[in-house]
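Coordinate analysis (summary)
Chain by chain, the residues:
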Amino acid sequence: MGSVMQATELMDTNSTVQSAMNPSTTGVSRAPQICIIGGAIAIVLGFVLSSSSPAGWLQDYLVHYTFLVSITLGALFFVFLQHLTRAGWSVTVRRTAELMAGTTPMLVAVAFLPIAVTLFIDGLNLYPWAASDFFLHHAELRHKTIYLNIPFFLLRAAFCLAAWWWLGRFYMTRSLAQDTDGDPRWTLVMEKWSPAAALLFTVTVTLAAFDWVMSLAPAWYSTIFPVYIFSGCVVGGLAGLILILLLAQALGFLSHRVVTVEHYHDLGKLLFGFVIFWGYIAFSQYMLIWYGNIPEESQFYLPRQQGIWLYVSLGLVFGHLLIPLVGMMPRAIKRNPWTLGFFAVWLLVFHWLDLYWLIKPNWHPTVGPLSLIGGILGGVGVFGIVIAIVLKGLTRYPPIPVRDPRLNEAIHHEVV
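All values reported here derive from a predicted model rather than from experimental measurement. (Residues numbered from 1 in each chain as written. Predicted model: local features only at pLDDT ≥ 70, side-chain atom pairs only at ≥ 80, totals over all residues. Heavy atoms only, no water.)

**Brief notes about the overall build of the protein**
In plain terms, the rule: The helix and strand labels rest on DSSP assignments: H or I over at least four residues marks a helix, E over at least two residues marks a strand, and numbering proceeds from the N terminus. Only C-alpha atoms enter the radius of gyration; for comparison, a globular chain is expected to reach 2.2 Å times N to the power 0.38, where N is the number of residues. The buried label goes to any residue with under 20% of its type's maximum accessible area, the exposed label to any with over 50%, and the partly exposed label to all in between, with areas taken from a 1.4 Å probe on protein chains only. Contact definition: two residues touch when any of their heavy atoms are within 4.5 Å. A 1.4 Å probe and the Shrake-Rupley method give the accessible areas. Residues count as covered only by the protein chains that appear here. In this charge count, Lys and Arg are treated as positive and Asp and Glu as negative; neither His nor the chain ends contribute. By convention, the charge on Lys lies at NZ, on Arg at CZ, on Asp at CG and on Glu at CD.
Along the protein, the regular secondary structure elements total 17 helices and zero strands. Computed over C-alpha atoms, the radius of gyration of the protein comes to 22 Å, within 12% of the 22 Å expected from 2.2 N^0.38 for 416 residues, which places it in the range of a compact globule. Its C-alpha atoms give the protein principal-axis dimensions of about 80 × 45 × 40 Å. In the protein, which comprises 416 residues, the share counted as buried stands at 55%. Taking the intrachain contacts of the protein between residues at least 6 apart in sequence as the baseline, contacts between residues at least 24 apart amount to 81%. Accessible surface for the protein amounts to roughly 18,100 Å². Of this, 71% is attributable to carbon and sulfur atoms. The positive charge centre, built from 22 side chains, and the negative charge centre, built from 20, are 5 Å apart in the protein.

**Thoughts on the packing of aromatic side chains**
Selection criterion: Pairing of aromatic rings covers Phe, Tyr and Trp, the last counted by its six-membered ring, and requires centre-to-centre distances within 6.5 Å; plane angles under 30 degrees mean stacked, over 60 mean edge-to-face, and any other angle means tilted. Two limits define a charge over a ring: the Lys NZ or Arg CZ must be within 6 Å of the ring centre, and within 35 degrees of the ring normal.
Here the structure, examined in full by the defined rule, presents 35 aromatic pairs. Residues Phe 77 and Phe 201 carry aromatic rings whose centres are separated by 6.0 Å and whose planes lie at 35° to one another, so their mutual orientation is tilted. Placement of Phe 77 in helix α3 (residues 54-84) and of Phe 201 in helix α9 (residues 185-213) is noted, with a sequence separation of 124 residues between them. Overall, the relative accessible area of 3% leaves Phe 201 in the buried class. Above the ring of Tyr 147, the side-chain terminus of Arg 156 is found at 3.6 Å from the ring centroid. Above the plane of the ring of Phe 300 lies Arg 304, whose end atom (NZ or CZ) is 3.8 Å from the centre.

**Quick look at the packing of helix α2 (residues 31-50) against helix α16 (residues 369-396)**
The cut-off we apply is this: To obtain each axis, a line is fitted to C-alpha atoms, and for helices this fit is confined to the stretch in contact; angles are then taken between N-to-C directions over 0 to 180 degrees. Should an angle fall under 35 degrees it is called roughly parallel, over 145 degrees roughly antiparallel, and 65 to 115 degrees roughly perpendicular, with every other angle called oblique. Crossing handedness follows the turn of the near helix against the far one: under a right angle anticlockwise gives a left-handed crossing, and clockwise gives a right-handed one. Gly is placed with the polar residues, together with every amino acid not listed as nonpolar (Ala, Val, Leu, Ile, Met, Phe, Trp, Tyr, Cys and Pro) or charged (Asp, Glu, Lys and Arg).
Where α2 contacts α16, the axes come no closer than 7 Å and their chain directions differ by 160°. By the criterion of interaxial angle, the relationship of α2 to α16 is roughly antiparallel. Read as a crossing pair, α2 and α16 show a hand that is left-handed. Taken together, the residues of the contact of α2 with α16 break down into 15 nonpolar, nine polar and one charged.

**Quick look at the pattern of salt bridges**
The criterion, for reference: For this document, the term salt bridge refers to a Lys or Arg side-chain nitrogen within 4 Å of an Asp or Glu carboxyl oxygen.
Following the criterion strictly, the structure yields eleven salt bridges and no others. Between Glu 262 and Arg 335 there is a salt bridge; the shortest N-O distance is 2.9 Å. In this pair, Glu 262 sits in helix α11 (residues 261-292) while Arg 335 sits in helix α14 (residues 331-335), placing the two residues 73 residues apart along the sequence. Judged by relative accessible area, Glu 262 falls into the buried class, the value being 14%. In this structure, the salt-bridge partner of Lys 269 is Asp 266, at a minimum N-O distance of 3.1 Å. One end of the pair, Lys 269, and the other, Asp 266, are both in helix α11, three residues apart, so they sit about a helical turn from each other. A single salt-bridge network, built from bridges that share partners, covers Arg 94, Arg 95, Glu 98, Asp 179 and Asp 404.

**Section: the nonpolar core**
To be explicit about the condition: We define the nonpolar core as a collection of buried residues of types Ala, Val, Leu, Ile, Met, Phe, Trp, Tyr and Cys that are connected through side-chain atoms lying within 4.5 Å of one another.
The biggest cluster of nonpolar side chains holds 134 residues, and the ones touching the most others in it are Tyr 127, Trp 212 and Leu 358. With 16 residues, helix α10 (residues 225-250) is the largest single contributor of residues to this core. Setting aside residues up to four positions removed in sequence, Trp 212 forms contacts with Leu 62, Tyr 65, Val 69, Phe 112, Tyr 127, Phe 153, Ala 157, Leu 161 and Trp 164.

**A word on the side chain of His 265**
Looking at where His 265 falls in the secondary structure, it is placed in helix α11. Leaving out residues up to four positions away in the same chain, His 265 has contacts with Arg 331, Lys 334, Arg 335 and Val 415.

**Some words on the side chain of Ser 70**
Counted only if it meets this: In the analysis that follows, any N or O atom pair within 3.5 Å is treated as a polar contact, provided that within protein one partner can donate a hydrogen and the other can accept it, and provided that, for residues neighboring in sequence, both atoms belong to side chains.
In this structure, Ser 70 sits in helix α3. In terms of polar contacts, Ser 70 uses its side chain to reach the backbone carbonyl oxygen of Phe 67, at 2.7 Å. Setting aside its immediate chain neighbours within four residues, Ser 70 contacts Cys 233, Gly 237, His 351 and Leu 355.

**A word on the environment of Thr 66**
Mapped onto the elements of the fold, Thr 66 is located in helix α3. For Thr 66 and Tyr 356, which are 290 residues apart along the polypeptide, the C-alpha to C-alpha distance reads 9.4 Å. If near-sequence neighbours (up to four positions away) are discounted, Thr 66 is found in contact with Val 213, Leu 355 and Ile 359.

**With respect to α2**
Counted only if it meets this: A helix's residues, less one, multiplied by 1.5 Å, set its expected span. Here the arc refers to the set of directions running from the helix axis out to each C-beta atom.
Between the first and last C-alpha of α2 there are 28 Å, a value that for 20 residues agrees with the 28 Å anticipated at 1.5 Å per step. Every buried residue belonging to α2 is among Ala 31, Pro 32, Cys 35, Gly 39, Ala 42, Ile 43, Gly 46, Phe 47 and Ser 50, and all of these are buried. Buried residues in α2, looked at end-on, bunch into an arc of 135°, giving them a common side. Projecting away from the buried face of α2 at angles above 90 degrees are the exposed residues Ile 34, Ile 37, Val 44 and Val 48. Of the surrounding elements, those touching the buried residues of α2 are α3 and α16.

**Observations concerning a nonpolar patch on the surface**
Our working rule: The patches described consist of residues with a relative accessible area above 30% and no salt bridge, like charges being joined within 9 Å and nonpolar side chains (Val, Leu, Ile, Met, Phe, Trp, Tyr) within 5 Å.
A surface patch of nonpolar side chains, about 690 Å² in accessible area, is lined by Ile 308, Leu 310, Tyr 311, Leu 314, Val 317, Phe 318, Leu 322 and Ile 323. Structurally, Ile 308 can be placed in helix α13 (residues 307-327).

Next up, the structure:
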């Protein structure tokens, strides 16, 4: 009886794979181009609405850039986590995450160039420590010149960007190679290197968090800050992955037979868990700084507890933690693509707002509604470009790892 059931499952798997390899995208084959154009228009409109000065545009650019980086890193984390844990349920959603992590790092690297160039232009550079006379006027911070100097900053940035590009390509190329030859050795190789990938990911995310966000306030420090950034990256990456999967299925790029409600349920649980983790890290950082009451640490929260930023801070408490914590708790919410999609959009918006809240108060004691709307519009445009890149990838490559040895387990996955 067991062998008959296995044979039936394998026949069903073969039929499902065949349907996945022949997606029906009639009428929407230009969706990637539409997303690219729509995303570019949204970014330009966002810049026009949010600011009228080059300095303001650069500040918004940094927010959008970190948003793009965070989605890429969240997807990369998801990919190597599946190999690290030898997960079988996620095989059919892994290709979309591989495309997010493997095709966007080049864009991330190129998009860093304007930030690098401004380091050499006094008056336009985003990082105050990069100004030629900064340490002359801040003698108490001169010991940080060993770390905060332009050549070393660029060297660390190059290391991070190269590492993310290599990791993304490593998993995507080997997964695609397995599509061709069906050799299970590729799975063993990806599993073997996943602990090293996790270590490299940890080091580079820590450097990027310190360099690209924390060093905007050179006197401030928080040793838990990279964990805070990491938790936000995973929330953004998972929310983005869920939305792209839903969109790819709605447009016919991905079959409903390979990504089912069972997969969305597990993705929803993972997202729910990292929402709690983000809240735990955010509270831990705030509580420790509040309790210590050291000026070098508390200076970060002071501008964020005044004026409009106080409302943004409270908005993050409710929007990034409490509302999704309560709203996503029921099992039915995570099993319904519409409600899960709603919370994915919700969390992506609040993840962008979290980055905005981390970066913008370093220059602006207040922010107007038009600037905020323009910023959100720019974030929508950035995500539109990510969608376009992934959809294009789904047309070039098999939408699922068709010869992964755990594919049968993924197709017949059920949450008990």
